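# Analysis of the macromolecular model
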Amino acid sequence: MIRLRIILLIIGYLLSIISIAMLAPLLVDLILGNSDWQAFFAALFITVFIGVSLILTCRQDKIRNVSVREAFILTSLSWLALVFFAALPFYFSELQISFTDAFFEAMSGLTTTGATVLSGLDFAPPGILIWRAMLEWVGGIGIIVMAIAILPLLRVGGMQLFRTESSDKNDKILPRARQMSLAISKIYLFFTIICAISYYIAGMNLFDSILHSMTTVSTGGFSTHDASISFYNSRPIETVAIFFMILGALPFLIYIKMLRGDLKSLVTDNQVKFFFSMLLAFISLTIYWLVNHKGFDFSGAVRLASFNIASIMTTTGFASANYNVWGEFMLILFFMLTVVGGCTGSTTGGIKIFRFQILYIIAKYQIFKLIQPHGIYRIQYNKHIVSDNVSSAVLSFFILFCLCFFVVTMLLAISGLDFITSLSAAAAALANVGPGLGDIVGPTGNYGSINDFSKWVLSFTMLVGRLEIFTILVLFSKLFWKD
C-alpha cells in the first residue's frame, strides 16, 4: 500500500517551510515601500494555509519507514508542489506576467537551471530578485540531499554506486536524509557566506554580492542584471565566480569526508580528477581557438575561456561574453559541454562525470572481450567493484537522456522554434544549464519570447532532468502502481 497521507504530510511541512522563506522578500519590499510586498503576503497566506491544512489533516500518521515507492512519489510531487506555490509571488507581482511564465521562472529557480523569461532585471523590484536567488539556493540544497541521501537508495541511474557506509540497507529513507541534510546545510551555508564576502571585496555592492553568492554556490546562474556577470566587467568578480562555481560542482560528500579527517579524498577521487582534467583541457582548447582563429590577445582569451567554460561545464549559466560570435567550432564545443555537467553529489545538472567514466570503462572491457572472449573482467570505479546493476542503470540513463533530448527537440520544433533554438533549449533544460545557443535563448537573450507550449515543455523537461529522468518516468509505469 502507498500511504498517501504520509506523502501529503511531508509536502505540508515543505510548503510551510517555503512560506516562511517568503518573509524575507516580503519584509524587504515592505521596508523599501515597494507595493510587491502585497504579492508576497498573498502568496505566503495561500501557501501556509495549504501547508498547515495538510499537516493538521494528516498529522495522526507518523513519518517513519517511508518505502521506496513512496519516496519516488514524494520526490516528484514535492518538487511539483514547491514549484507551483513558489510561482505565486511572480504571478501576483507588479511584473504582470502570465502563470505560464511564473511557473517557468519558479521551475528554473528550484531546479537551479537559470533560464529566465524576465527582462529589465536592473530595474526589477528587490523582493523579486531576492526570491529568485532564494529559490536557486534552496533548490541547490535539495539537489545535493537527493543525490547523496535519496537517489542512491532508489538506485536511480547508477546512483547506488555512491552509497556510503552509513547508508541504510533497507527502505528507511528519511532518517538518512535528515542526517545528510544537516551536514550539507552547514557546508553549503559556509560556502555562501564566504562567497558573498569575496564578491563584496571584489567590487559588488552588498545586495548583489549576497544574491550572487546564493546563485553561484548553487550553480544556478540567476543574476540581478540582464547582462549577467558581464555587467560588472571585472576580472576579480569573475575569478570569485569561477572558484565558487567549481566548489559547487564538486561532490559535497567529499567535503563531509574532509571534515571527518579524510583530507586526501579531494585529490584521490576519480570523478574529481576527471572533472578538473576536462575543465583544463577545454579551457586550453578555447584559448587556442580564440587566440589563433579570432585574434584575441592571450590575456583576454584566458579570461573569457576560463569563465565561460567553467560556467557552462558547472551548469551555472552565467555569461561574461556573447560566445555565439566565437565561431561554429565554439558553438559545437559549448553544445557538447552543456550536457556533461559536474560531479555527482554536487549542485550541477547534466549527465554527470561518473556516468561518462562508467561508459568508457564498459566500452573498454567490451573491446577486451572481443579480443579475449573467455577472459574474466571486473569493472572497477574508485577502487570499488561496479556491479552489473550499476552498469545497466548507467547505460539505461544515457539512452533515456538521449531519447528525452530527441523528443523535447521535436516538440519544440513542432511548436515553431528554429532548429538551433530547439536543439540548444532542449539540451539546456534537460541538463539544467539555462542559456542555450542562438539569438533567442543564447547568452544575450532569454526565454520570454518563446510560445507558451514550449515553456510548459521546457518546464517539465527541467524537472525531468533535475530528478535524474527515472524518478519521473517510473511513475508512468503500470507495474509501479500494482501492490
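The coordinates are above.
Anyway, here's the lowdown on the structure attached to this text.

Conventions adopted
Residues numbered from 1 in each chain as written. Predicted model: local features only at pLDDT ≥ 70, side-chain atom pairs only at ≥ 80, totals over all residues. Heavy atoms only, no water. Salt bridge = Lys/Arg side-chain N within 4 Å of Asp/Glu carboxyl O. Helix = DSSP H or I, 4+ residues; strand = E, 2+ residues; numbered from the N terminus. Expected span 1.5 Å × (residues − 1). Buried < 20%, exposed > 50% of the residue type's maximum accessible area, 1.4 Å probe, protein only. Arc of directions from axis to C-beta. Contact = heavy atoms within 4.5 Å. Phe/Tyr/Trp six-rings, centres within 6.5 Å; stacked < 30°, edge-to-face > 60°. Lys NZ or Arg CZ within 6 Å of the ring centre and 35° of its normal. Axes fitted to C-alpha atoms, helices over the stretch in contact; angles between N-to-C directions. Parallel < 35°, antiparallel > 145°, perpendicular 65-115°, else oblique. Left-handed = near helix turned anticlockwise from the far one by under 90°. Nonpolar A, V, L, I, M, F, W, Y, C, P; charged D, E, K, R; others polar.

### As for the pattern of salt bridges
Applying the stated criterion to the full structure yields six salt bridges. A salt bridge links Glu238 to Arg303; the shortest N-O distance between them is 2.9 Å. Of this pair, Glu238 sits in helix H10 (residues 235-249) while Arg303 sits in helix H14 (residues 298-313), placing them 65 residues apart in sequence. Taken together, the shared-partner salt bridges connect Lys352, Arg355 and Glu468 into one network.

### Here's the deal with helix H17 (residues 388-414)
In this model, H17 (27 residues) spans 39 Å end to end at C-alpha, consistent with the 39 Å of a helix rising 1.5 Å per residue. Looking only at H17, the buried set comprises Val390, Ser391, Ala393, Val394, Phe397, Phe401, Cys404, Phe405, Val408, Thr409 and Leu412. Count one or two residues on from H17 and you reach Gly416, which has phi positive near 115°.

### Topic: helix H2 (residues 23-31)
Taken together, the buried positions of H2 are Pro25, Leu26 and Asp29. For H2, the angular spread of the buried residues around the axis is 105°, confining them to a single face. Where the residues of H2 are buried, they touch helix H1 (4-21), helix H3 (37-58) and helix H7 (126-154). Downstream of H2 by one or two residues, Gly33 has phi in the positive range, about 75°.

### Quick notes on the packing of aromatic side chains
All chains considered together, the criterion is met by 29 aromatic pairs. With a centroid separation of 6.0 Å and an interplanar angle of 65°, the aromatic rings of Phe191 and Phe252 are classed as edge-to-face. Residue Phe191 is located in helix H8 (residues 174-202), and its partner Phe252 is located in helix H11 (residues 252-259); the two are separated by 61 residues in the primary sequence. Phe252 shares its class with Phe191; the two are buried. On the basis of an interplanar angle of 75° and a centroid distance of 5.6 Å, the ring pair of Phe275 and Phe276 is categorised as edge-to-face. One aromatic cluster in this structure is built from Phe84, Phe85, Tyr91, Phe92, Phe99, Phe103 and Trp456. Here the guanidinium or amino end of Arg355 rests over the ring plane of Phe397, the centre of that ring lying 3.7 Å away.

### As for unusual backbone geometry
If you check the backbone angles, Thr219 has positive phi at about 45° while not being a glycine. Mapped onto the fold, Thr219 is located in the loop between helix H9 (206-217) and H10. Using a relative accessible area of 0% as the deciding quantity, one classes Thr219 as buried.

### A word on the packing of H2 against H7
Running from N to C, H2 and H7 point in directions that differ by 165°, and their axes come no closer than 8 Å. Accordingly, the angle class assigned to the pair H2 and H7 is roughly antiparallel. Of the two possible hands of crossing, H2 and H7 adopt the one that is right-handed. Residues Ala24, Pro25, Val28 and Asp29 of H2 form the contact with H7, whose own contacting residues are Pro126, Gly127, Ile130, Trp131 and Met134. Of the residues contributing to the contact of H2 with H7, the split by class is seven nonpolar, one polar and one charged.

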